Amino acid sequence: MPTINWKLPEMVSAAYAPLFTSDKRYIVYKGSRGSGKSEAAARKAILDIVTKPYVNWLILRRYANTNRQSTFTLIQKVATQLGVSGLFQFNSSLPEITYKPTGQKILFRGADKPLSITSLSD
Ligand SMILES: Nc1ncnc2c1ncn2[C@@H]1O[C@H](COP(=O)(O)OP(=O)(O)OP(=O)(O)O)[C@@H](O)[C@H]1O
Ligand SMILES: [Mg+2]
């Protein structure tokens with residue numbers, strides 16, 4: 001297995017680096033269009049899954065059916081950039097992403113279907 005040399009706080013926009021170092025329960029990002037919010041959050045998701053075997057991610061958008069062409073695609077792109085896409089199984093029809101070594105999941109849901117985020121388990 002190749003060594004992965006990620007310097008993620010330096011790899012995302014400086015304003016969003018605290019996402020990787022903060023131990024706060026809630027972190028809210030604000031910023032103008034194209035300031036790097038989504039990119040930073042996607043990198044955090046990949047880093048969490050690969051480094052913390054107890055973590056799964058639930059990604060919410062306002063409308064569930066917009067995930068496939070935004071959040072799902074972005075996570076896939078970032079995993080490829082970080083050189084770990086081969087460790088993941090990408091199911092675009094659900095959509096859902098599974099980390100193959102452990103079965104950890106990145107799930108995608110919408111706030112338009114609140115019941116779809118109750119009782120999630122892995
Ligand atoms: N650290 C970075 N290095 C290089 N390019 C970056 C970095 N962060 C973001 N980008 C690029 O900047 C563009 C906008 O980033 P991103 O989509 O994350 O912004 P955003 O804040 O989520 O925007 P929006 O408010 O429109 O959702 C993308 O093309 C992305 O690839
Ligand atoms: Mg965004």
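Residues numbered from 1 in each chain as written. Chains lettered and ligands numbered in written order. Predicted model: local features only at pLDDT ≥ 70, side-chain atom pairs only at ≥ 80, totals over all residues. Heavy atoms only, no water.

A few words now on the pairing of strand S4 (residues 105–110). Pairing between strand S1 (residues 57–61) and S4: five bridges, direction parallel. Residue Ile 59 lies in a different strand from S4, and its bridge partner there is Phe 108. Pairing geometry for strand S3 (residues 96–99) and S4, over three bridges, is antiparallel. Following the sheet pairing, Thr 98 is matched in S4 by Lys 105. Remark: five residues form the turn of the hairpin made by S3 and S4, two consecutive strands paired antiparallel; Gly 103 in that turn has positive phi of roughly 85°. (Pairing = 2+ DSSP bridges. Helix = DSSP H or I, 4+ residues; strand = E, 2+ residues; numbered from the N terminus.)

Another point: the site of ligand 1. Taken together, Met 11, Val 12, Ser 13, Ser 32, Arg 33, Gly 34, Ser 35, Gly 36, Lys 37, Ser 38, Glu 39 and Lys 77 make up the full set of residues adjacent to ligand 1. Within the side chain of Arg 33, a nitrogen or oxygen atom sits 2.6 Å from an oxygen atom of ligand 1. Contact with the protein chains hides 56% of the accessible area of ligand 1, taken as 630 Å² for the molecule alone. The greatest single-element share of the shell around ligand 1, amounting to three residues, is contributed by helix H2 (residues 37–51). Class assignment for the residues of the shell around ligand 1 results in two nonpolar, six polar and four charged. (Near = heavy atom within 4 Å. Polar contact = N/O pair within 3.5 Å; in protein donor to acceptor, adjacent residues only side chain to side chain. Areas by Shrake-Rupley, 256 points an atom, 1.4 Å probe, with all protein chains shown as cover. Nonpolar A, V, L, I, M, F, W, Y, C, P; charged D, E, K, R; others polar.)

Approximately 630 Å³ is the volume found for the largest pocket. If you go around the largest pocket, you meet 18 residues; those closest to its centre are Ala 41, Trp 57, Leu 58, Ile 59 and Leu 60. When contributions to the lining of the largest pocket are tallied by element, the ones reaching two or more residues are H2, S1 and helix H3 (68–81). Of the residues belonging to the lining of the largest pocket, the class tally is eleven nonpolar, four polar and three charged. Lining the second largest pocket are Arg 33, Gly 34, Ser 35, Gly 36, Lys 37, Ser 38 and Glu 39. When its residues are assigned to classes, the lining of the second largest pocket shows no nonpolar, four polar and three charged. (1 Å grid on protein atoms, 1.4 Å probe; cavity = no way out; pocket = protein on both sides within 12 Å on 5 of 7 lines; lining within 4 Å. Points joined across faces, edges and corners; volume = space filled by probe spheres on them.)

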